[in-house]
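# Fold and contact review
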Amino acid sequence: MSTTTRSGVEKQNPGQLNSVQLNIVTLINMERATATGSLSDAMYMMDNSIGGKGQGTSSLETVCKQGQVINWIVRPIDMEKRLDGTWPPMPKINNIVFLDTELGDEEDVAERRIFNELKIYGMPDRMRDKYTPVYYYWAGTVMSTAKPGLYRYRLVMELEQEGKKERLYLNTAIHPSIRVIPV
């Protein structure tokens with residue numbers, strides 16, 4: 001899709017150019033999440049959007065523009081190397097699923113695309129040390145054709161478990177959202 005600007009120049013991805021990337025940072029209390037098998041009271045989200053709501057909660061509402069890049073960053077609350085030389089377990093975003101909120105059923109997957117996934121781009125640091133932050137992230141672009149409005153999503157988290165090889169997969173029970181505003 002392309003549009004023509006006032007100066008007659010055609011833009012391939014309207015709204016994407018000159019757009020500040022948004023970061024949504026999610027902190028996970030790994031001990032609580034793995035003990036309870038739930039992200040309730042174990043997940044805290046913040047972003048750098050202007051006008052968003054729910055900072056520090058799991059029901060964050062991020063305000064973004066059509067065509068804007070969003071980076072989801074996830075890390076555990078406890079990041080320090082332990083006295084025994086081991087590192088605490090890490091969380092990872094396994095998937096981001098946008099939900100069909102128009103019909104009132106927030107468990108159904110949205111039928112139309114709202115978001116172009118970039119998934120992980122670049123390369124997260126794989127080597128932990130006390131000077132280098134290590135985290136996983138997921139990225140994408142809000143489609144320039146996304147209608148303005150509120151879009152809820154579900155995070156699917158993959159959690160390492162202390163002393164186990166099996167991963168624990170948890171979905172957010174309270175759904176965060178993005179509020180798309182027109183460019």
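Provided above is the structure to which this section pertains.
Below: a short report on this structure.

What counts and what doesn't
Residues numbered from 1 in each chain as written. Predicted model: local features only at pLDDT ≥ 70, side-chain atom pairs only at ≥ 80, totals over all residues. Heavy atoms only, no water. Core = buried A, V, L, I, M, F, W, Y, C linked by side-chain atoms within 4.5 Å. Buried < 20%, exposed > 50% of the residue type's maximum accessible area, 1.4 Å probe, protein only. Helix = DSSP H or I, 4+ residues; strand = E, 2+ residues; numbered from the N terminus. Contact = heavy atoms within 4.5 Å. Pairing = 2+ DSSP bridges. 1 Å grid on protein atoms, 1.4 Å probe; cavity = no way out; pocket = protein on both sides within 12 Å on 5 of 7 lines; lining within 4 Å. Points joined across faces, edges and corners; volume = space filled by probe spheres on them. Nonpolar A, V, L, I, M, F, W, Y, C, P; charged D, E, K, R; others polar. Salt bridge = Lys/Arg side-chain N within 4 Å of Asp/Glu carboxyl O. Phe/Tyr/Trp six-rings, centres within 6.5 Å; stacked < 30°, edge-to-face > 60°.

## Overview of the nonpolar core
Among the nonpolar cores identified, the biggest contains 32 residues, and Trp 72 and Ile 178 are the most heavily contacted of them. For this core, the element with the most residues is strand 10 (residues 149–161), which contributes 5 residues. Residues contacting Ile 178, with those up to four places away along its chain left out, are Thr 62, Cys 64, Ile 70, Phe 98, Ile 114, Val 142, Gly 149, Leu 150, Tyr 151 and Tyr 153.

## Quick notes on the pairing of strand 5 (residues 61–65)
Burial analysis of strand 5 places 4 of its 5 residues in the buried class, the great majority of the element. Where strand 5 meets strand 12 (residues 177–181), 5 bridges bridge the pair, whose relative direction is parallel. Paired with Thr 62 across the two strands is Ile 178, which belongs to strand 12.

## Examining empty space enclosed by the protein
Per the stated rule, a full pass over the model turns up 1 cavity of 30 Å³ or more. What the largest cavity holds in volume is close to 50 Å³. Class assignment of the residues belonging to the lining of the largest cavity gives a composition of 4 nonpolar, 3 polar and no charged.

## Remarks on the pattern of salt bridges
The final tally for this structure, using the stated rule, is 3 salt bridges. Its salt-bridge partner being Arg 179, residue Glu 61 comes within 2.8 Å of it at the nearest N-O pair. Within this pair, whereas Glu 61 is found in strand 5, its partner Arg 179 is found in strand 12, the two being separated by 118 residues in sequence. As a salt-bridge pair, Glu 160 and Arg 167 come within 4.0 Å of each other at their nearest N and O atoms. Accessibility expressed as a relative area gives 24% for Glu 160, which makes it partly exposed. The exposure class assigned to Arg 167 is partly exposed, which follows from its relative accessible area of 38%. Residues participating in the shared-partner salt-bridge network are Glu 158, Glu 160 and Arg 167.

## Observations concerning the side chain of Thr 26
Counting through the fold element by element, Thr 26 comes out in strand 3 (residues 22–28). Ignoring sequence-local partners within four residues, the contact set of Thr 26 consists of Met 43, Tyr 44, Met 45, Ile 73, Val 74, Arg 75, Leu 155 and Met 157.

## Thoughts on the pairing of strand 12
Two elements, strand 10 and strand 12, share 4 bridges in a ladder whose sense is antiparallel. Residue pairing for strand 12: Gly 149 is matched across the bridge by Val 180.

## Examining the packing of aromatic side chains
Throughout the structure, instances matching the rule amount to 4 aromatic pairs. Ring plane angle 80° and centroid distance 5.2 Å describe the contact between Trp 72 and Phe 115, whose orientation is recorded as edge-to-face. You can see Trp 72 sitting in strand 6 (residues 69–76) and its partner Phe 115 sitting in strand 8 (residues 115–119), a full 43 residues away along the chain. Summarising the burial analysis for this pair, Trp 72 and Phe 115 share the class buried.

## Side note on the environment of Pro 89
Along the chain, the position of Pro 89 falls in the loop between strand 6 and strand 7 (91–98). Pro 89 sits 10 residues away from Met 79 along the chain, and the two C-alpha atoms are 8.8 Å apart.

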